[in-house]
Amino acid sequence: ADYDARVRCAAVGALARIAAAGDAACTGFAMCSLADGDASVRQAAATAVARMSAKGDATTLQALSTACSDDVSSVRCASLAALTCVARQGHQPSVDVVLERLQDESLDVQSAALRALAIIAQCGDGDIIRVV
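Description of the structure in this document. Not measured: the values here are computed from a predicted model.

## Considerations on the nonpolar core
Counting 37 residues, the largest nonpolar core has Leu34, Met52, Leu64, Leu80, Leu83 and Val98 as the members making the most contacts within it. Elements that contribute at least two residues to this core include exactly α1 (2-18), α2 (24-33), α3 (39-52), α4 (58-67), α5 (73-86), α6 (92-101) and α7 (107-120). The leading source of residues in this core is α3, at seven residues.

Structural data, given as structure tokens:
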């Protein structure tokens, strides 16, 4: 099973490197991999989805938002980083997901959330400034 996960992880990574941005079939495969049983595959999938998806794509944003609540902290971190690549600055549903992760039990996830917030929050947003 461990070998199979490494193969799936490599496949998702290779797909992200060779697929054209916005390729629906490839992006769909990577998004399905966000639900893989192995955390390393889910983590690779988050990175791949970020590379392949169009900025602001609603389906991708929803999938990444869900992945930001993964049971494994490294997947949550990768999903937060991926969210910053796909979400447009000021996209409130994404900002809300990131704000929620500021309360995560993992300090790594909290740090990733702060980095994500710096990228996707609207400049000068008083509510964000008060939270941070």
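## Topic: α7
Note: α-helices contain 3.6 residues per turn, so residues at a spacing of three or four share the same orientation. With 14 residues, α7 ought to run about 20 Å at 1.5 Å a step, and its terminal C-alpha atoms sit 20 Å apart, in line with that. Every buried residue of α7 is accounted for by Val109, Ala112, Ala113, Ala116, Leu117 and Ile120. Burial along α7 is one-sided: seen end-on, the buried residues are contained in an arc of 140 degrees. Facing away from the buried side of α7 by over 90 degrees, the exposed positions are Leu107, Asp108, Arg115 and Ala118. The N-terminus of α7 is capped by Ser106, whose side-chain oxygen sits 3.2 Å from the backbone nitrogen of Asp108.

Calculation criteria
Residues numbered from 1 in each chain as written. Predicted model: local features only at pLDDT ≥ 70, side-chain atom pairs only at ≥ 80, totals over all residues. Heavy atoms only, no water. Core = buried A, V, L, I, M, F, W, Y, C linked by side-chain atoms within 4.5 Å. Buried < 20%, exposed > 50% of the residue type's maximum accessible area, 1.4 Å probe, protein only. Helix = DSSP H or I, 4+ residues; strand = E, 2+ residues; numbered from the N terminus. Expected span 1.5 Å × (residues − 1). Arc of directions from axis to C-beta. Polar contact = N/O pair within 3.5 Å; in protein donor to acceptor, adjacent residues only side chain to side chain.

Purely geometric stuff here, so don't read any function into it on its own.
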